[in-house]
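# Report on the structure
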Amino acid sequence: MVAINNSTEIRCQEKSRGGLSYEVILAEPAPNVTVPKKPVTPGKNVSAEEIEQKLKAAEERRISLEQKKMADLTYKLAKIEEATRKKDEITNEFINQTKEQLESKMEQHVEKREAIISDLKEKLKIHSQEIEKTREQLEQQKYIEKIAIEEKLKTAQSLRDENIKKMLERLKEHNTVKIAEIKNQIDQLESQKIEEKARIIENKLYTAEQNREKEIQKKIEKVHKLERRAELVRQNKAAAQQPLSEDNSAPIASSG
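Computed from a predicted model, the values in this text were never measured in an experiment.

## Description of the overall build of the protein chain
Within the protein chain, the regular secondary structure consists of two helices and two strands. Listing the helices and strands of the protein chain from first to last along the sequence gives β-β-α-α. The proportion of buried residues among the 256 residues of the protein chain is 10%. Excluding contacts between residues fewer than 6 apart, the proportion of contacts in the protein chain whose partners are at least 24 apart in sequence is 59%. Surface summary for the protein chain: the accessible area is close to 21800 Å², and the carbon and sulfur share equals 54%.

## Some words on the side chain of R212
Structurally, R212 can be placed in helix α2 (residues 176–240). Here R212 falls in the buried class, since its relative accessible area comes to 9%. A polar contact is formed between the side chain of R212 and the side chain of E139, at a distance of 3.4 Å. Other than its neighbours up to four places away in sequence, R212 contacts L138 and E139.

## So, the environment of S191
Note on placement: S191 falls in helix α2. Classification of S191 as partly exposed rests on a relative accessible area of 33%. Once the C-alpha coordinates of S191 and R160 are considered, the two residues, 31 residues apart in sequence, prove to be 9.5 Å apart.

## Notes on the environment of E139
By secondary structure assignment, the location of E139 is in helix α1 (residues 48–170). Distance from E139 to E209, taken between C-alpha atoms, is 9.7 Å for residues 70 residues apart in sequence.

## Description of the side chain of K237
Position of K237 among the secondary structure elements: in helix α2. Not counting residues up to four positions away in its chain, the partners in contact with K237 are R113, E114 and I117.

## Some thoughts on the pattern of salt bridges
Evaluated as defined, the whole model comprises 17 salt bridges. Between R212 and E213 there is a salt bridge, and its shortest N-O distance comes to 3.1 Å. Taken together, the shared-partner salt bridges connect E139, K142, E209, R212 and E213 into one network.

## What to know about a negative patch on the surface
A cluster of like negative charges, contributed by E100, E103, E107 and E111, occupies part of the molecular surface. Its place among the elements puts E100 in helix α1.

## A few points about the confidence of the model for the protein chain
Per-chain confidence: the protein chain averages 77 in pLDDT, with 74% of residues scoring 70 or above. Of the regions scoring below 50 in pLDDT, residues 249–256 engages in 11 contacts with residues more than four places distant in sequence or in other chains.

The rules behind the values
Residues numbered from 1 in each chain as written. Predicted model: local features only at pLDDT ≥ 70, side-chain atom pairs only at ≥ 80, totals over all residues. Heavy atoms only, no water. Helix = DSSP H or I, 4+ residues; strand = E, 2+ residues; numbered from the N terminus. Buried < 20%, exposed > 50% of the residue type's maximum accessible area, 1.4 Å probe, protein only. Contact = heavy atoms within 4.5 Å. Areas by Shrake-Rupley, 256 points an atom, 1.4 Å probe, with all protein chains shown as cover. Polar contact = N/O pair within 3.5 Å; in protein donor to acceptor, adjacent residues only side chain to side chain. Salt bridge = Lys/Arg side-chain N within 4 Å of Asp/Glu carboxyl O. Patch = residues over 30% accessible without salt bridge, like charges linked within 9 Å, V, L, I, M, F, W, Y side chains within 5 Å. Lys, Arg positive; Asp, Glu negative; His and termini not counted. Charge placed at Lys NZ, Arg CZ, Asp CG, Glu CD. pLDDT = per-residue confidence, 0-100.

The structure is reproduced here in structure tokens:
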């Protein structure tokens, strides 16, 4: 009878992340084996029909063994497929959960960024209103100071004229030359006083104007800084809203 080799080998190795590769190796057919002959019993002849029956029985046993081997192999492959299917289900579930978490975090990030931008816009609006209010106050203060200076100059001129008039009345009895000299001296003194007062007032106005300009410039620079910060936040928002690339690793650059 021919010996039947029932060795079946299944190799399993991980070829890449997320997948398994199985290699099933069936045993090679056994080489021709000489069937041992039964010793001839003396005095007993084996008929051709008996030999045929024995060969048929051997063939049936061989077929039965092959069928059992194939059934075992089918069972093992079914278990491998079931394990692979379960692993794929677990992997897909993990991917879906991770995707949902990332989307939730992205929505929260976008909401926080929108709140920051809205707050910045509101602060810029309030700051601009404060700058405009300060400018109007400075303009009004400058106008009031100008009116006050003009009033003081008018008052000084009136006092000067009044003093000159009084002095002229007191000096009527002096001669014309003396009166002219005294008037000239008085005019010079009064002119010097007026010029000195005007120079002091102009210096005060110039200093006040310089201080006002510096204050306005500081506020304008602060507004520009806030505007640049708001623009940077807007650019980051636009970049975050760009669609992701195929590997989901970085946003696709815009052609614009």
